[in-house]
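# Per-entry structural report
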Amino acid sequence: MTLLVFITSLLGAMAIGVPVAFALMFCGVTLMWYMGMFNSQIIAQNMIAGADTFTLLAIPFFVLAGELMNSGGLSRRIIEFAIACVGHIRGGLGIVAIMAAVIMASISGSAAADTAALAAILIPMMAKAGYNVPRSAGLIASGGIIAPVIPPSMAFIVFGVAANVSITQLFMAGIVPGMLMGIALVIAWQIVVRKDNVLPLPKAPGKERLRATGRAAWALGMPVIILGGIKAGVVTPTEAAVIAAAYAMFVGMVIYRELKPKDLPRVILQAAKTTSIIMFLVCAALVSAWLITAANIPGEITRYIEPLIDRPMLLMFVIMALVLVVGTALDLTPTILILTPVLMPIIKQAGIDPVYFGVMFIMNCCIGLITPPVGVVLNVVSGVGRVPLGKVVTGIVPFLLAQVLVLVLLVIFPDIVIVPAQWLR
């Protein structure tokens with residue numbers, strides 16, 4: 001009965017249009033009332049404790065780094081570098097989009113920000129070159145969701161805090177799956193682009209490639225500094241986030257000189273708005289998380305899926321299917337915050353590596369960003385690229401299937417994630 005109260009109160013609140021953060025708080029209050037333990041101090045204490053975490057300081061700084069990167073010209077130079085390298089290949093602009101998405105993912109960790117930057121520059125270029133515009137928009141959206149998988153990733157930070165899992169290990173474990181997502185997109189793109197009568201870009205001469213590499217060198221150095229520092233144990237993920245923001249500001253203002261002092265208030269305000277949304281969600285979710293534990297909801301769910309506990313692969317398929325369905329209706333962060341405290345005790349009981357599960361879980365949540373009806377990244381690419389949402393949904397189908405196939409592959413062969421992650425640790 002407790003599980004029914006939890007699901008009904010949460011879904012009911014969201015169904016009538018209550019914002020997710022308040023729906024989570026309402027769900028917590030309803031559970032307290034049902035259990036006869038209502039106390040407003042529990043709500044306040046858990047919300048304050050939710051925000052008072054050193055690890056979560058990484059979120060505002062990574063958000064700020066992403067905003068500074070886009071405003072300071074780092075994103076544009078990464079795209080120019082990719083065009084110089086592979087723009088001349090048939091379907092080259094699509095490969096440029098994927099290559100730039102992977103590089104930018106290793107800098108900002110924000111799917112929406114990366115997608116917006118790529119769509120604004122590449123969709124007009126791809127339309128002019130004769131590419132199918134809805135398919136191009138679908139590719140860019142699919143490339144954008146690699147950002148929360150390849151470190152640094154705000155999604156891994158939120159999951160690590162909610163699940164009490166090492167964020168550094170999550171970062172290292174996300175590298176190979178993120179690269180596989182990019183490779184799957186390249187393969188899918190090369191298959192579908194044969195239908196388009198496209199005009200390849202002229203091949204850049206060697207000197208131009210060197211110049212493009214030189215112009216992008218400062219931007220390309222950013223992931224090396226972030227991941228190298230974390231892997232070497234010199235900095236924590238939180239400290240790396242501060243370095244990333246300072247580095248992006250320095251490069252944008254001093255090296256590229258595209259970021260002006262007058263731009264800083266706007267950039268900082270936008271980063272603060274994004275951070276406030278994420279942090280309020282985290283705080284509200286921890287109220288529900290505390291009550292989920294107190295009400296033993298994971299124990300109730302375990303009774304339903306007890307036959308699967310001894311069959312980890314089948315259990316993973318069931319959980320991934322559940323997350324995929326939930327992801328069609330919820331954004332990335334709410335999905336993480338709602339499902340993590342429910343699923344983690346089950347995962348531990350089944351003997352599944354929590355780091356491996358975390359990577360799979362985040363990948364699945366990211367796929368939800370490009371599935372209707374919510375599909376935040378779909379809306380971003382539609383708005384920025386000025387492509388009707390219905391056409392974007394049609395164009396994204398082959399790339400969505402490619403990402404789902406990668407997910408299935410990693411469920412069947414978990415060592416693809418686990419072995420490289422152990423080596424990188």
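Residues numbered from 1 in each chain as written. Predicted model: local features only at pLDDT ≥ 70, side-chain atom pairs only at ≥ 80, totals over all residues. Heavy atoms only, no water.

### Quick look at the side chain of Gln403
With respect to the element layout, Gln403 can be found in helix H20 (residues 389-412). Among the polar contacts listed, one links the side chain of Gln403 to the backbone oxygen of Ser142, at a separation of 3.4 Å. In this view, Gln403 contacts Ser142, Ile145, Ile146, Met181, Leu185 and Ile367; residues no more than four positions away in its chain are not counted. (Helix = DSSP H or I, 4+ residues; strand = E, 2+ residues; numbered from the N terminus. Polar contact = N/O pair within 3.5 Å; in protein donor to acceptor, adjacent residues only side chain to side chain. Contact = heavy atoms within 4.5 Å.)

### As for helix H13 (residues 237-255)
Its 19 residues place the ends of H13 25 Å apart at the C-alpha level, agreeing with the 27 Å of an ideal helix rising 1.5 Å per residue. Restricting attention to buried positions, one finds in H13 the residues Pro237, Thr238, Ala240, Ala241, Ala244, Ala245, Tyr247, Ala248, Val251 and Gly252. Buried residues belonging to H13 abut helix H4 (58-71), helix H5 (74-86), helix H10 (167-173) and helix H12 (206-231). The positive-phi residue at the C-terminal boundary of H13 is Arg257, with phi of around 60°. (Expected span 1.5 Å × (residues − 1). Buried < 20%, exposed > 50% of the residue type's maximum accessible area, 1.4 Å probe, protein only.)

### Considering H4
Between its first and last C-alpha atoms H4 spans 20 Å; for 14 residues at 1.5 Å apiece the expected length is 20 Å, and the two agree. Judged by how many residues are buried, H4 sits mostly within the fold: ten of 14 residues are covered. Regarding H4, the residues found buried are Ala58, Ile59, Phe62, Val63, Leu64, Ala65, Gly66, Glu67, Leu68 and Met69.

### Quick look at the packing of aromatic side chains
Summed over all chains, the structure comprises nine aromatic pairs. Centroid distance Trp218 to Tyr247: 6.4 Å. Interplanar angle 35°. Geometry classified as tilted. On the criterion of sequence distance, the pair formed by Trp218 in helix H12 and Tyr247 in helix H13 is long-range, its members being 29 residues apart. For Trp218, a relative accessible area of 37% puts it in the partly exposed group. By relative accessible area, which is 15% here, Tyr247 ends up buried. Measuring from ring centre to ring centre gives 5.5 Å for Phe357 and Phe361, while their planes differ by 10°; the resulting arrangement is stacked. (Phe/Tyr/Trp six-rings, centres within 6.5 Å; stacked < 30°, edge-to-face > 60°.)

### A short note on the environment of Val387
Tracing the backbone shows Val387 in the loop between helix H19 (376-385) and H20. Val387 sits in the buried class, given a relative accessible area of 5%. Here the alpha-carbon distance between Val387 and Ile123, two residues 264 residues apart in the chain, equals 9.3 Å. Setting aside chain neighbours within four positions, we find Val387 in contact with Val133, Pro134, Ala137, Ser382 and Val392.

### Describing the nonpolar core
By size, the foremost hydrophobic cluster in this structure holds 158 residues, and its most contacted members are Phe159, Trp189, Phe357 and Phe361. Not counting chain neighbours up to four residues away, the residues in contact with Phe357 comprise Phe159, Met316, Ile319, Met320, Leu343, Met344, Ile347 and Ile352. (Core = buried A, V, L, I, M, F, W, Y, C linked by side-chain atoms within 4.5 Å.)

### Let's talk about the pattern of salt bridges
Under the counting rule described, the total for this entry stands at five salt bridges. Ionic pairing is found between Glu80 and Arg76, a salt bridge with its closest N-O pair at 2.9 Å. Linking Glu80 with Arg76, this pair stays in helix H5, spanning four residues, or about one helical turn. We classify Arg76 as partly exposed; its relative accessible area is 32%. Here Glu208 and Arg211 are joined by a salt bridge, their closest N and O atoms 3.1 Å apart. Within this pair, Glu208 and its partner Arg211 are both found in helix H12, separated by three residues, close to a single helical turn. A residue is classified by how much of its surface remains accessible, and Glu208, at 24% relative accessible area, is partly exposed. Salt bridges sharing partners connect three or more residues here, namely Arg76, Arg77, Glu80 and Glu258. (Salt bridge = Lys/Arg side-chain N within 4 Å of Asp/Glu carboxyl O.)

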